[in-house]
Amino acid sequence: MPEYKVATIPADGIGIEVIAATKEVLAALEFQVSGLGFSFTDFDWGSEHYRKNGRMMPADGLERLKAFDAILFGAVGAADIPDHITLWGLRIAICQGLDQYANVRPTRIFPGITPPLRNCKRENLNIVIVRENTEGEYSGQGGRSHRGFPEEVATEVSVFTRSGVERIMRFAFQLAQSRPRKLLTVVTKSNAQKHGMVFWDEIAEEVSRDFADVTWDKELVDAMTVRMTLKPETLDTIVATNLHADILSDLAGALSGSLGMAPTANLDPERRFPSMFEPIHGSAFDITGKGIANPIASFWCAVQMLEHLGETEAAQKLMTAIERTTEAGYLTPDVGGTATTREVTDAVIESLDYKRTVVNLKS
Ligand code: NAD
Ligand code: MN
């Protein structure tokens, strides 16, 4: 088994706290799975790098990342720098620059967590959202002109290419096919957006012909918020555009208890470049430095990374440890507990050793 070279980019706010915790957990996992090894290289890119150098990462940043097997990313965002600079300067720059076109966002309710919706049973929410990650509404096309004049104009152009839509659709059908229910919901807004979204629907239809065993349906994005909230049991795999899936996956995170539980894999399915794993939450100014950031989203990212690297046994071991931890009541305040990041991290590390019983906080 190789030693994996992992680039870590903790970046800003609680990103720094949760990535430090994730490295500890992965280091502990090395002792539990024979032959598994990681070498981490930390990059100090982010808002502090921007304040010093006028950019979020160095000009050769992407080139340097290409030497790694995977990237663990924290979060970006600082109160004194506009959000579009921090986001485009680092996260989107990496996703687009390394063509990580499939953004995969699983959601479920972990044992021991009380979901915010009274009627949402644990077994009823088990979905994975596939987000198109390189074009659509976030293609970066558009502009501003006549600044300051009454005729000032801004455009934000959505770009849908046949190759871009086809590859994400194919990825989503394949993922749906690999899951027990073989069920896919294609999200659009093709009633109001009659060009790009109709194109999206047509390509879904075309690609579906290669997946006869996958049951699929369509939902408009506004109706989808209702269905996710009231009938999550009718959903399994979901595919949507960059913007739509961005919004729907925050909702999914909330349904599972907290944004602090929700992970993301930014995948290059063709494996030309390293893929990047990051919690979906941001830098969370309100809790930065307090030691109470929920690290579970980042731990789940590590599970996604292990799965992507083909380390199935290690991935399962870590997932089981996370479940044992939440079940035993080690929960940060965002999911109704009083535990610190440190305590949750220690409990996961302890739970990795199946022979040890984790002290149940509830008993
Ligand atoms: P946020 O995700 O940082 O926080 C939203 C709320 O969720 C806050 O109350 C926060 O305390 C809570 N929260 C988020 N993650 C948590 C965790 N792990 N544990 C406990 N509580 C958690 O979103 P925001 O407040 O809208 O944005 C803050 C900054 O983060 C902004 O600058 C924004 O641009 C940036 N942002 C970055 C990313 C990213 O890096 N991918 C994503 C979203 C927001
Ligand atoms: Mn988002």
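Relevant structure appears above.
In short, a report on the structure. (Residues numbered from 1 in each chain as written. Chains lettered and ligands numbered in written order. Predicted model: local features only at pLDDT ≥ 70, side-chain atom pairs only at ≥ 80, totals over all residues. Heavy atoms only, no water.)

Now for the packing of helix α1 (residues 14-30) against helix α9 (residues 296-308). Between α1 and α9, the shortest axis-to-axis distance is 9 Å and the interhelical angle comes to 50°. For the element pair α1 / α9, the angle class is oblique. Both α1 and α9 take part in a crossing whose hand is right-handed. Contact residues: α1 offers V18, I19, A21, T22, V25, L26 and L29, while α9 offers S298, F299, A302, M305 and L306. Considered class by class, the residues forming the contact of α1 with α9 number 10 nonpolar, 2 polar and no charged. (Axes fitted to C-alpha atoms, helices over the stretch in contact; angles between N-to-C directions. Helix = DSSP H or I, 4+ residues; strand = E, 2+ residues; numbered from the N terminus. Parallel < 35°, antiparallel > 145°, perpendicular 65-115°, else oblique. Left-handed = near helix turned anticlockwise from the far one by under 90°. Contact = heavy atoms within 4.5 Å. Nonpolar A, V, L, I, M, F, W, Y, C, P; charged D, E, K, R; others polar.)

Let us look at the packing of α1 against helix α11 (residues 341-351). How two helices pack is summed up by the angle between their axes together with the distance between the axes. Between α1 and α11, the shortest axis-to-axis distance is 10 Å and the interhelical angle comes to 15°. By the criterion of interaxial angle, the relationship of α1 to α11 is roughly parallel. Crossing geometry of α1 relative to α11 is assigned as right-handed. Here A21, E24, V25 and A28 of α1 lie close against α11, whose contacting residues are T341, R342, T345, V348 and I349.

The next thing to look at is the pattern of salt bridges. Pairs can form between side chains of opposite charge whenever their charged atoms are close. Summed over the entire model, instances satisfying the criterion amount to 22 salt bridges. Among the ionic pairs, D42 bridges to K23, the shortest N-O distance being 2.8 Å. Of this pair, D42 sits in strand β2 (residues 37-42) while K23 sits in helix α1, placing them 19 residues apart in sequence. Here R64 ties to D60 by a salt bridge, and the two come within 3.6 Å at their closest N and O atoms. By sharing partners, the salt bridges in this structure join D99, R167, D268, E270 and R272 into a single network. (Salt bridge = Lys/Arg side-chain N within 4 Å of Asp/Glu carboxyl O.)

Judged by how many residues are buried, strand β8 (residues 183-188) sits mostly within the fold: 6 of 6 residues are covered. The two faces of β8 match: L183, T185 and V187 on one face and L184, V186 and T188 on the other face are all buried. As paired strands, β8 and strand β9 (residues 215-220) are joined by 6 bridges and run parallel to one another. Following the sheet pairing, L184 is matched in β9 by W216. In terms of handedness, the path from β8 via helix α6 (residues 196-208) over to β9 forms a crossover that is right-handed. Two strands pair when backbone bridges link them, and β8 and strand β10 (residues 237-240) are joined in this way by 3 bridges, in the parallel orientation. Paired with L184 across the two strands is T237, which belongs to β10. (Buried < 20%, exposed > 50% of the residue type's maximum accessible area, 1.4 Å probe, protein only. Pairing = 2+ DSSP bridges. Right-handed = clockwise from strand over helix to strand, strands pointing away.)

Everything listed is a geometric property; what it means functionally is a separate question.
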